[in-house]
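Chain residues, written in single-letter form:
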Amino acid sequence: MKGARKAHATRATAVVGHPVRRKDGLDKVTGAARYIDDLVLPGLLYGTTIRSTISRGEIASVHLDFDTTGFTIVSARDIPGKNVVSLIEADQPSLADGRVEHVGEAILLLAHADKERLLDVRVSIDYRPAAPVVEPELSPTTFKEITIAKGDLGRGFAEADLVVEGEYRTGHQEHLYIETNGVLAVPGDGGITVHGSLQCPYYVHRALCELLSLPERKVRVIQTETGGGFGGKEDYPSVLAGHAALLALKSGRPVKMVYDRAEDMLATTKRHPAIVRHRTGVTRDGHLTAIDIEVLLDGGAYVTLSPVVLSRGLLHATGPYRCDHVRVHGRVVKTNTPPNGAFRGFGAPQTQFAAEVHMDRIGEQLGLDPIQVRERNALRPGDTMATGQRIEANGGALRVLREAARRTRFRQRRRALRGTDRGLGVALFFHGAGFTGSGEVKLRSKATLELTRRGVRVGVTATEIGQGARTVLAQIVATALGIPYEHVEMPPADTSLAPDSGPTVASRTTMIVGRLLELAARDLKRRLRGRTPAESWRAHGPISVTKEYTPPPGLTWDEEQYVGDAYGTWAWACDVAEVELDRDTGIVRPLRITSVADIGRVIHPVMARGQMEGGTAQAVGYALTEEVVMRDGRMANAQLTNYLIPTTADTPEIDVVFVERPYRNGAFGAKGVGELPMDGGAPAIVNALRSLGADVRAVPATPERVLDALSKG
Amino acid sequence: MRTAISRLSLVEPRSLRHALRLMRDEAGLVPLAGCTDLYVALNDGALRATRFLNLWPIEELRVIEPRGPVLFIGALATYSSLIRSADVRRRLPMLVSAAREVGGRQVQNRGTLGGNIANGSPAGDTLPVLAAAEATVVLGSATGTRRVPFTAFYKGYRTTVMRADELILGIEVPEVEGRQWFCKVGTRGAQAISKVVMAAVRAPHPRVALGSVAPTVVRVPKTEAALTGGASVDEARTILMSEIAPIDDIRSTAAYRRHVAGVLLGRFWEQTAAGRPVY
Amino acid sequence: MRFTLNGRTVDVRAHPMKRLLDVLREDCHLTGTKEGCGEGECGACTVLVDGEAVNACLVPFAQVRGARVTTIEGLRGRRRLQEAFVEHGGAQCGICTPGMIVAAAALGRRPNLDDIKTGLAGNLCRCTGYSGIYRAIEAAAVPLRPARRRGARGKRR
C-alpha cells in the first residue's frame, strides 16, 4: 500500500493528498541549502546595531569611543526617506531620533569589513531617563480598542442560573526559530536588493521604499532559505532590512547583518502577554446564556501588528461555542518593552487559553464533565458566532470533540487515572483561516503561472519557511494542470519576479494562495487545449496566467460594527492531553497529546501532520516552560540556557488525527493548518492539571506556579 | 558583546610539567579544556582574560583509575567518560547520574570534571556529588602537588582556594560506604540548569550536599547531625530549610528552592531506606 | 594546522581560539554546519570529532589538531538516514537538520526510541515536535527489505 502510494506520487499528476517528496528536502538534509548567513559577496561589510540600554528616555549625547577608520556609521540623520518602519501605523522609527521607548531600540548602525573590529567598538550614550510603563494595566496609552457585541447581555445574564467569573493570564513567548534574523543588502543601479530570512517579501519591500525614498522598481527583496518563522519573521525583517539597506547605501557595499541569539531575543518581537477576564451566565443544565469577556494585551513600545492581533484574539475569545448574548471587549496598550508582534496564533492562543480553562471551571461548578459541558455548547452547523457568522453545513466543533473523546476514551481514562498523579485534560478550539474580515479583499493577492519548456514555473511571493509551501503549492498546480509534480518549478520568492501574493501568515498560504494557483492552473489547462506544456511551448512559446483574489460569493464584513464573516472559514480541533504531575516539586511531564483536527482537505499528509506536531510542541513550551523574565522592560533570560523550549525529553508523544471536511473555496478543499495547533496545547495541559487539583490560571505553568496552585487547592 | 577572538592567544604546553611551569611563569594565564563554559563567557564578553593555556591534549589528565584506597579521576575526564567508566559506575554511581544530567550529549563529550570544579558555579551538577563523597581535589603546581578536601575548596561565589599557579590535576574519591543518591530539579527534562541539585549518602553518618541553594555547593552539617542523631526526616527537613540560603533569580525563587530541597531530603531518605534498590 | 576533514587531510591557517564552527564555515567554506545559539544549547552546529558528536561552537580550532572532523557534507554512507528525514517529515525549516542528522548518525545504526530521545536531547528543533525526526531515524534503522529480512532473522533464531 505504502509502496503503491509512493510509486503513484513520483510521476503521476494527481498528487494532492499524497506525500510527495518535498522540494527542498534533499538540500536541507545534505547541508547544501543556503541560508542568509551562508552567503558572502566580494567587498562584503558586516553590520551591527548600537541599542538603547534603558527602557524610556531622551538621548542626551552619543560618543564614539573607538577608532572609526574603515567604519560606515548610520544614524537617524542619514535616513533618506521617512524614519519609520512602515506597517500599520507610522509610529516606530527605524532608528531612534532623540528618544527611546524600549530597551534594545536601535540608535546607531555600524558596518565594517572585519567582523572582529565590530566587536571592539565602544559607544557611550548619555540618557535623560524617564519612568517607563511596564505594567499594561497601568498604561495610559491605548493602541486599539475593539468591541464585538451580539444580543442583549442583560437578558442573557437574567436567563442564567449561575454566573461564573475568572481571570486568566498568559506571558510573553519567544519564537525561537533556530535561525536568528538576518539579511544581506546589496546596493546597485541607484537602488537596493535585500536578501533575507523572512516571511513577507512585500512587507519588506514597502518598508524599504518608504525608508529609503525609492520607487518600487528600485527595491528588490528576495527570500533566502528561512530557518523558521512562526510569525517572528513577519514584521521584524522590515526593521532589520531597513538597517542593512541604510548601511549598504551609505557605504556603497553589500552589508550583511545576522543577529546573534542574545540580540535576537533581546531586540525582536514576542507574543503579546494577555490578561483575560470572563463572566459567563449559564443554566443549570449547562447551556451558555451570556458571555462577557474583557481582554487586555500588552503591545510593547510600538503599534507594529497589535491592532490585528487584538482583532484575531477577540474573534476567538469565546471559544467555539454558541451563545445568543455576547460582549467581547478588548484593548491593546503601550508599555516600554520591545514591541510585541506576530506569533503563530496571533492573539488566539491567549484568548482561547482563557476560554478553555474557564469552560472546565463552568463544568466543575455544574457537575458536568469536560466533554459534556463542551458538547452542550459546541458550535454546530447553522449556529451563529459572536459576529453573526453562520457555521457552514459541514462545519462546527462537535465532530472533532466527539472523535477526540472516542479516540482517547476520555471518560474511562479519566476514571482510571483518578487518585493517581496523572491527569487528563481537553481543549476544544478553532482558528479562522486567512486574513481577518475584509483583509483578503484589501490584500488582493496575485499568483502567476508561466509555461516553461517542460512544465510550469510558479510566480508567488508565498514563502517556504519550513511548513512546506513550496511542495504543497506545487502539488496543487500539478494536480490542477495534470502534469507531473516534478515539472512544477518553485523559484525563491522574489519581488522582482513574482507578484504580491500576500504575506505568508495567518494560515492562508495553502487555502488562499493555493486556491489562486489552482484557478490559474485550470485556466492554463484550458488554454493548452489538451497539449502538454512541452508541446504547447514548442508550438506557441511562453504563456502566462495571473489570478487575483476575489472573495467567495456571500462573504460580508462590517469593519466598524465587527459584524459578518470574520473569516472565510474556520479550522476546528480538539486536544486531549495526559500529564504526570510531581505534587511535591510541581514539575509537570506531558505524556501524550491527541489532536483531532478538521483542516479541510489534507494536501500533504506528512507535512500537515508535521504542522500539527510542531505547533503542539510549541504550545507545550508555552504551557509549561517558556517564560520570558522581564526586568524593567528588559528580557533578563535572553539565553537558550535560561529560556527553555522543549527538548526531546519534554515533548510528549503527539497523536494527530485529521477529520477532513473540505472547504469549497480553498485549494482542493483545504483550509489553514499552521496556527491551529498553537491554540489548544496550553489549555489542554492546564485542564489536565485541574483534574489533579491544581487550579492554575496562568501560563507558563512553571513548577513554582503549579506548586502555588496546589498549596491553595 | 562577544569577545573578539583576535585579541586572545592560546598557549600550547608540551607536557603537564610544561603546563605547570607556564602557569608559574605567567600571571593571568587561564587554563581551558572542554571549553563548554568558556565560549559562553566569551559570548557575553564576561571574561577579562586574554591568554589561555590549552590543557585538552594532556592525556595523563584523562585517567580514571583506582589508586590504592581511592578512585582517581583526572581533571580532563569528560562527562561521557565518567558515564562509560566501569570504575565510576561501581564506586560512585551518583557521579554517573550527575554526568548524565549535564547538557546534551555534545556537551557531555567535551565538558570535563575539572572544568565543572574550576568553573565553580553553585549549580554545577557534579559538585554536590564530590561534596557528599568527601572527595579530595588534587592540585598541581611547578613546586609540587597538594590535596584540598573538596568541602574546603570554595571560599565563596566562584572563588576557590587555588593559587594562581595551580592546576586541578584530578580528584580522589575514597570508598563511599552507604547508599548513594542523586537528584537534580530543573524546569526542563534535559539540558536544564538546576534549581536545586542534591547528592547524598545514606550511612551511619548520612551526608547531604546541595547545589543552587547558596553561593557555593554546600554540605549541611546540622541536617546531617540531626539525621545521625536519629531525628525524623520531618525534623531534619525543617533544619535543612533553615540551614540553606537560596535566592530569587531568573531560574527560580528562594521559596521554591527551599521547599524542593526539603522534598529531596525526604525522597533521599525514603528511597535509600534499607531494602530499596537505588542503583 | 593539519586535521582530517570529511576524510581528507587539510591544512588550514586560522586563529587557534577561533571556534571550529567558524573555521568550517569561513575558512573551509562548509556552510552546512549552522549556528543556532553559540552557547552549546541547540546542537545546530553538531559535527563529529574523532567520531564523537560535539558542538562546533564550543571547540577552539586548536583542539582539532590531528583529529578527524566530519560535517554534514562528509557524512558518507548515511544517505538512507538523510533520505528518511526527507520522507518522514524529519526536516521542515531545515536549520537544525544538519546538526540533527550528524547527532543521529553518532547514535549508531539501530538506536531504539529511548536512545534517540536521550541522544538528541542536545539538539533543539522548533518545527517538528521531534516526532518526524524519530520516525525518520527509526525508519532508517529498519533493514532494507523488511519482509525478507524478518523471515531470515526468524530462521536464524
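Residues numbered from 1 in each chain as written. Chains lettered and ligands numbered in written order. Predicted model: local features only at pLDDT ≥ 70, side-chain atom pairs only at ≥ 80, totals over all residues. Heavy atoms only, no water.

## Thoughts on the interface of chain A and chain C
Interfaces are often sized by the accessible area lost when the parts come together. Each partner contributes residues to the interface: chain A has 50 residues there, and chain C has 43 residues. Regarding the contact of chain A and chain C, the summed buried area is about 3600 Å², with carbon and sulfur atoms giving 52% of it. It is A:Val29, A:Ile178 and A:Thr648 that lose the most area in chain A upon contact with chain C, and together they represent 21% of the buried surface on that side. At the junction of chain A with chain C, the criterion picks out seven salt bridges. Its salt-bridge partner being A:Asp37, residue C:Arg25 comes within 3.7 Å of it at the nearest N-O pair. Taken together, the links from chain A to chain C amount to 25 residue pairs in polar contact (both at pLDDT 80 or more). Elements supplying a minimum of two residues to the side of chain A that touches chain C: helix H1 (2-11), helix H2 (25-30) and helix H17 (605-624) of chain A. Top contributing element to the side of chain A that touches chain C by residue count: H17(A), with eight residues. (Contact = heavy atoms within 4.5 Å. Buried area = accessible area lost by both parts, 1.4 Å probe. Salt bridge = Lys/Arg side-chain N within 4 Å of Asp/Glu carboxyl O. Polar contact = N/O pair within 3.5 Å; in protein donor to acceptor, adjacent residues only side chain to side chain. Helix = DSSP H or I, 4+ residues; strand = E, 2+ residues; numbered from the N terminus.)

## Brief notes about the domain arrangement of chain B
All names here are of chain B. Looking at the assigned domains, one finds that chain B contains domain 1 (5-54), domain 2 (59-174) and domain 3 (179-271). Once you take the C-alpha centre of each, domain 1 and domain 2 turn out to be 19 Å apart. Together, the buried faces of domain 1 and domain 2 total about 1100 Å²; carbon and sulfur atoms form 74% of this surface. The three residues of domain 1 that bury the most area against domain 2 are Leu16, Leu20 and Met23, which together make up 46% of that side's buried surface. (Domains from an automatic or database assignment.)

## Digging into helix H1 (residues 16-25) of chain B
Residues of H1(B) that are buried: B:Leu16, B:His18, B:Ala19, B:Leu20, B:Leu22 and B:Met23. A distance of 3.4 Å separates the backbone nitrogen of B:Arg17 from a side-chain oxygen at the start of H1(B), and that oxygen is part of B:Ser15. (Buried < 20%, exposed > 50% of the residue type's maximum accessible area, 1.4 Å probe, protein only.)

## Regarding the sheet that holds strand E3 (residues 46-49) of chain C
Residues and elements named next belong to chain C. Taking strand neighbours across the sheet as the criterion, the five strands line up as E2-E1-E5-E3-E4 in an open arrangement whose pairing is mixed. Each having just a single partner strand, strand E2 (8-11) and strand E4 (52-55) make up the two edges of the open sheet. In this sheet, neighbouring strand axes are inclined to one another by 40° on average, regardless of whether the strands run parallel or antiparallel. Bridging between strand E1 (residues 2-5) and strand E5 (residues 68-70) involves two bridges; their strand directions are parallel. (Pairing = 2+ DSSP bridges. Axes fitted to C-alpha atoms, helices over the stretch in contact; angles between N-to-C directions.)

## A word on the pattern of salt bridges
All names here are of chain A. Here the structure, examined in full by the defined rule, presents 89 salt bridges over all chains. Its salt-bridge partner being glutamate 167, residue arginine 277 comes within 2.8 Å of it at the nearest N-O pair. One end of the pair, arginine 277, is in strand E13 (residues 274-282); the other, glutamate 167, is in strand E8 (residues 162-170), with 110 residues separating them in the sequence. By relative accessible area, arginine 277 is classed as partly exposed at 36%. Take glutamate 167: its relative accessible area is 30%, and that puts it in the partly exposed class.

## Quick word on the side chain of B:Arg219
Residue and element names in this part refer to chain B. Its place among the elements puts arginine 219 in strand E14 (residues 218-219). Side-chain polar atoms of arginine 219 contact the side chain of glutamate 134, separated by 2.9 Å. When residues no more than four places from it in sequence are discounted, the contact partners of arginine 219 are Ala131, Ala132, Glu134, Thr151, Arg207, Val208, Ala209 and Glu224.

## A short note on the interface of chain A and chain B
Facing 28 residues of chain A, the contacting portion of chain B comprises 26 residues. At the boundary of chain A with chain B, total buried surface from both sides reaches about 2200 Å², with 57% on carbon and sulfur atoms. Taken as a group, A:Glu116, A:Leu119 and A:Glu704 account for 23% of the area that chain A buries against chain B, more than any other trio of residues on that side. For the salt bridge of B:Arg267 with A:Asp582, the shortest nitrogen-to-oxygen distance reads 2.7 Å. For the pair chain A and chain B, the number of links is twelve residue pairs in polar contact (both at pLDDT 80 or more). The residue inventory of the side of chain A that touches chain B, partitioned by class, reads 13 nonpolar, seven polar and eight charged. (Nonpolar A, V, L, I, M, F, W, Y, C, P; charged D, E, K, R; others polar.)

## Observations regarding the confidence of the model for chain A
Put simply, chain A has an average pLDDT of 96, and 98% of its residues get 70 or more. Counting interchain partners and residues more than four positions distant, the pLDDT-below-50 stretch residues 1-10 of chain A has 14 contacts. (pLDDT = per-residue confidence, 0-100.)

## Some thoughts on the sheet that holds strand E14 (residues 288-298) of chain A
Residues and elements named next belong to chain A. Strand order in the open sheet formed by six strands is E7-E15-E14-E13-E8-E28, with mixed pairing between adjacent strands. Two strands lie at the open edges of the sheet, namely strand E7 (142-150) and strand E28 (698-699), each paired on one side alone. Across eight bridges, E14 lies against strand E15 (residues 326-333) in parallel orientation. Residue pairing for E15: valine 295 is matched across the bridge by glycine 330.

## As for the nonpolar core
Among the nonpolar cores identified, the biggest contains 108 residues, and A:Trp572, A:Leu689 and A:Val706 are the most heavily contacted of them. Those residues within four positions of A:Leu689 in sequence are excluded, and the remaining contacts are A:Val579, A:Leu581, A:Val588, A:Ala694, A:Val696, A:Ala701 and A:Val706. If you look at the next biggest cluster of nonpolar residues, it comprises 78 residues, including B:Ala98, B:Val173, B:Phe182 and C:Ala56. (Core = buried A, V, L, I, M, F, W, Y, C linked by side-chain atoms within 4.5 Å.)

## Structural notes on helix H1 (residues 20-27) of chain C
All names here are of chain C. Of all the eight residues making up H1, six are buried; the element is thus mostly covered by neighbouring parts of the structure. Three or more residues of H1 are buried, namely Leu20, Leu21, Asp22, Val23, Leu24 and Arg25. If you follow the buried residues of H1, they end up packed against E1, E3 and E5. Among the residues trailing H1, histidine 29 stands out with phi positive, at a value near 55°.

## Observations regarding unusual backbone geometry
A negative phi angle characterises most non-glycine residues, just as the trans form characterises most peptide bonds. Residue and element names in this part refer to chain A. Residue valine 699 is joined to proline 700 through a cis peptide bond whose omega torsion reads 0°. Position of proline 700 among the secondary structure elements: in the loop between E28 and helix H19 (703-712). Backbone geometry places leucine 176, a non-glycine residue, at a positive phi of 50°. Inspection of the secondary structure assignment puts leucine 176 in the loop between E8 and strand E9 (182-188). Non-glycine residue phenylalanine 668 carries a positive phi angle of around 50°. Examined against the element boundaries, phenylalanine 668 turns out to sit in the loop between strand E27 (653-658) and helix H18 (676-690).

## Some points on the packing of aromatic side chains
Residue and element names in this part refer to chain A. If you walk through the whole model with that rule in mind, you get twelve aromatic pairs over all chains. Both rings, one in phenylalanine 66 and one in phenylalanine 71, keep their centres 5.0 Å apart while their planes meet at 70°; by these two values the pair is edge-to-face. Note on phenylalanine 71: relative accessible area 11%, which makes it buried. Considering the side-chain rings of phenylalanine 430 and tryptophan 572, the 5.7 Å spacing of their centres and the 35° angle between planes classify their relative orientation as tilted. Remark: tryptophan 572 occurs in strand E23 (residues 569-581) and phenylalanine 430 occurs in strand E16 (residues 422-433); sequence separation between them is 142 residues. Neither phenylalanine 430 nor tryptophan 572 differs from the other in exposure class; each is buried. One aromatic cluster is present, formed by Phe430, Tyr567, Trp570 and Trp572 through successive ring pairs. (Phe/Tyr/Trp six-rings, centres within 6.5 Å; stacked < 30°, edge-to-face > 60°.)

## Things to note about the domain arrangement of chain A
Residue and element names in this part refer to chain A. Assigned domains of chain A: these are domain 1 (38-131 + 176-267) and domain 2 (438-548). Taking only C-alpha atoms, the centre of domain 1 and the centre of domain 2 are 33 Å apart. With 17 residues of domain 1 at the contact, the number on the domain 2 side is 17 residues. Contact between domain 1 and domain 2 buries roughly 1300 Å² in total, counting both sides, with carbon and sulfur atoms accounting for 51%. Close ionic contact of arginine 470 with glutamate 225 constitutes a salt bridge, the shortest N to O distance being 3.3 Å. In this assembly, domain 1 and domain 2 are joined by ten residue pairs in polar contact (both at pLDDT 80 or more). Mapped by element, the contributors of at least two residues to the side of domain 1 that touches domain 2 are helix H5 (201-212) and strand E11 (219-223). Here the side of domain 1 that touches domain 2 gets five residues from one element, more than from any other, and that element is E11. Tallied by class, residues from the side of domain 1 that touches domain 2 come to eight nonpolar, six polar and three charged.

## Comments concerning the environment of A:Ser438
Assignment of secondary structure puts A:Ser438 in the loop between E16 and helix H13 (439-443). A:Ser438 has contacts with A:Trp557 and A:Glu559, leaving out every residue within four places of it along the chain.

## A short note on the state of the cysteines
Evaluation of the coordinates by the stated rule reveals zero disulfides over all chains. With no disulfide partner, A:Cys209 has as its closest neighbouring cysteine sulfur the one in A:Cys200, 16 Å distant. The buried category is assigned to A:Cys209, whose relative accessible area is 13%. With no disulfide partner, C:Cys57 has as its closest neighbouring cysteine sulfur the one in C:Cys45, 3.8 Å distant. (Disulfide = S-S within 2.5 Å.)

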